[in-house]
Protein chains: 2
Amino acid sequence: MTDGEGRRPGDFQLQREEKPLTACPFCPGEERRTPPELFALRPDGSRPNTPGWQVRVTPNKLPTFGLESGEEQRAEGLYDVRHGVGAHEVVIESPSHNLHPAAFGSSGWSAIFQAWRARLLDLRRDFRFRSIMVFKNHGLEAGALIQHSHSQIMAVPVMPPRLAIELAASREHFLRKERCLHCDLLAQERKGEGVVSSAAFLCYAPFAARHPFEMRIAPLRHGHDFAAISDPECRQLGTALSDLLQRMRRVLRDPPFNLLLVTAPPSHPPPGKPDQWASLSHDFHWYLEIVPRLQRQAGFDQATGFFLNPVAPATAARTLRECQADA
Amino acid sequence: MTDGEGRRPGDFQLQREEKPLTACPFCPGEERRTPPELFALRPDGSRPNTPGWQVRVTPNKLPTFGLESGEEQRAEGLYDVRHGVGAHEVVIESPSHNLHPAAFGSSGWSAIFQAWRARLLDLRRDFRFRSIMVFKNHGLEAGALIQHSHSQIMAVPVMPPRLAIELAASREHFLRKERCLHCDLLAQERKGEGVVSSAAFLCYAPFAARHPFEMRIAPLRHGHDFAAISDPECRQLGTALSDLLQRMRRVLRDPPFNLLLVTAPPSHPPPGKPDQWASLSHDFHWYLEIVPRLQRQAGFDQATGFFLNPVAPATAARTLRECQADA
């Protein structure tokens, strides 16, 4: 959290336009304007921080968190204060400035998933991080302030409330049933008709979706850890996500959207305790969540923590299923 | 939750403009286009559902919930389903179509608070309702789809997660300290400089605010129940809120905003148990929350449940305090 010093009142307004097209620091040839790259897929074998990459990951130039921890936690009257520590990285998803994520295709998304996997595996070597989030904001209303398509990775030393709740619910089910909660839910969702399903992945509108046209893509074969994904699975997942994004782009007329990866935290199962915790790798199941931003968060949601979703998930799934995707 | 039947794909898009100005059902002379009024302040003694009102409350024509309960809770595989039951009302805050809430003045807001109070007292007579929320969306980005200034009241038979968490934290503090948590926090906040403070209310940027320029207005004298507010207190609260909205409008250039009333639920303390629960009226403290929408909810918030606030609350408070309000 920065303290806003040195800013003028006008700096606090709502940004109503994406930053202009000129001089994009994410475009090929502009590599020196980002911090040195942490990972890149360079099919032509070019040198780091030069053009030729397909996907490129760099530290965020204006990170939300710093890697140095500074002062410890302290009290301020009745409150607690701690320094924001974490990693914040940017995945530049394509060399093309204007390419829409629905047009990346299976191979484009496959490369992005490989970059996510590489960064997850590297970041979990830092034992301070209790969770690593991967997410993408597309379009201004979904929080994207830069047009060039990118996703973000954040690693933080705390367990986010949402993940803690999901892990606890999954664990409770597993301890009672000795089965993965998500595997059970996927079996139920498969009886309905997913939007598209392949041998490896199911794309479906979750029951009690919080947002209109909220969708999930989950592996049918159990897996708690996205970072264990294989290259062929990356391609199959890319096919499923491309198909969904093309349908959403057509039916919802290029909606702003958020894409999240929800996967088990680095410590799950805890390192060094493989035997004791082996079963626990069966109590979580990773998935992608795709949420088009079709309505704004309003007072009721804020006041309650409830979500009002005017579109039944079955209607959303049928609407997307019945539309023709691009070729 | 409606099921979206009969809608076309185009109906699902993000609404990018407020509904047009013509033929506003909230304007004087259009009273027949709303359901019959539940409450109105009519200083000139005019008849119900005719012009002459200052504030007018009607059932929402397109309610989120119905008052009839229909089917009971049932299982659908691993899931639970229950019918949406609740009251959903609209408070038309002014006869003037274009008047900005920052220009309502102390008397305008005082009338609105009297309407809220009257509806809270009436709705809590329905013992099904475990919570009653009052909120206002101003501007399209804050979820207002109709321009004519209005707030909304929703009463539901469930305890919202946010309120449950706040009540539990307040109760825990009270049981440990025998003091109201909010009274303790207000004593600490008063040592900083509130934006504006009067004998009765403090307007301040809460510590660890989740959103930039998030503000609260709370009564300095303890009170768990907004509906116990007196007419003179309504006027003083109107003065405090008007002053804040004028400053926000100026500094943040008419931002979209949400305004929430957070007050103890109808059953607090439970009816019929006044002695046993008397002390518990001291374990909650009502307040108004005002949140300008200066940034969009993005992937990180969704993935984690954390909030990233780039403006330190002290900076927000100082910025608003140092600006000159309207006359």
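These lines cover the structure that appears in this document, whether it is placed above or below. Predicted model, so just to flag it, every value in this text is computed and none were measured.

1. A closer look at the relation of the copies chain B and chain A
In screw terms, the move from chain B to chain A is a rotation of 180° and a rise of 0.0 Å along the axis, fitting with an RMSD of 0.0 Å. The superposition operator between the copies reduces to a two-fold rotation axis. Taking C-alpha positions as reference, the residue of chain B nearest the rotation axis is Gln297 of chain B, located at 4.0 Å. Take the interface residues of chain B: 100% of them recur as interface residues in chain A, which is what a same-surface contact looks like.

2. Structural notes on the packing of aromatic side chains
Residue and element names in this part refer to chain A. If you walk through the whole model with that rule in mind, you get 20 aromatic pairs over all chains. With a centroid separation of 6.4 Å and 25° between ring planes, the pair formed by Phe300 and Phe306 is classed as stacked. For Phe300, a relative accessible area of 3% gives the class buried. Taking the ring centre of Tyr287 as reference, the NZ or CZ of Arg216 above it sits at 4.0 Å.

3. Brief notes about the packing of helix α4 (residues 231-251) of chain A against helix α7 (residues 313-322) of chain A
Residue and element names in this part refer to chain A. As a packed pair, α4 and α7 sit with axes 9 Å apart at the nearest point and diverge in direction by 95°. By the angle between their directions, the pair α4 and α7 is classed as roughly perpendicular. Contact residues: Leu244, Arg247, Met248 and Val251 in α4; Thr319, Leu320 and Arg321 in α7. Its residues assigned to classes, the contact of α4 with α7 shows four nonpolar, one polar and two charged.

4. Section: unusual backbone geometry
Residues and elements named next belong to chain A. Positive phi, normally seen in glycine, also occurs at Asn49, with a value near 60°. By the element assignment, Asn49 lies in the loop between β1 (39-41) and β2 (55-59). For Asn49, a relative accessible area of 27% puts it in the partly exposed group.

5. Focus: the interface of chain B and chain A
Contact with chain B, which involves 72 residues of that partner, is made by 72 residues of chain A. With both chains or domains summed, chain B and chain A bury close to 6,100 Å², and 61% of this area falls on carbon and sulfur atoms. The tally of links from chain B across to chain A stands at zero salt bridges. Linking chain B with chain A are 14 residue pairs in polar contact (both at pLDDT 80 or more). Among the secondary structure elements, those contributing two or more residues to the side of chain B that touches chain A are β4 (79-81), β6 (131-138), α2 (161-177), α3 (181-191), β11 (257-262), β12 (287-292), α6 (299-304) and α7 (313-322) of chain B. The dominant element in the side of chain B that touches chain A, judged by the number of residues it contributes, is α6 of chain B, at five residues. Each residue belonging to the side of chain B that touches chain A can be placed in one class, and the counts come to 35 nonpolar, 21 polar and 16 charged.

Definitions and limits used
- Residues numbered from 1 in each chain as written.
- Chains lettered and ligands numbered in written order.
- Predicted model: local features only at pLDDT ≥ 70, side-chain atom pairs only at ≥ 80, totals over all residues.
- Heavy atoms only, no water.
- Least-squares fit on C-alpha atoms with pLDDT ≥ 70 in both.
- Contact = heavy atoms within 4.5 Å.
- Phe/Tyr/Trp six-rings, centres within 6.5 Å; stacked < 30°, edge-to-face > 60°.
- Buried < 20%, exposed > 50% of the residue type's maximum accessible area, 1.4 Å probe, protein only.
- Lys NZ or Arg CZ within 6 Å of the ring centre and 35° of its normal.
- Axes fitted to C-alpha atoms, helices over the stretch in contact; angles between N-to-C directions.
- Helix = DSSP H or I, 4+ residues; strand = E, 2+ residues; numbered from the N terminus.
- Parallel < 35°, antiparallel > 145°, perpendicular 65-115°, else oblique.
- Nonpolar A, V, L, I, M, F, W, Y, C, P; charged D, E, K, R; others polar.
- Buried area = accessible area lost by both parts, 1.4 Å probe.
- Salt bridge = Lys/Arg side-chain N within 4 Å of Asp/Glu carboxyl O.
- Polar contact = N/O pair within 3.5 Å; in protein donor to acceptor, adjacent residues only side chain to side chain.

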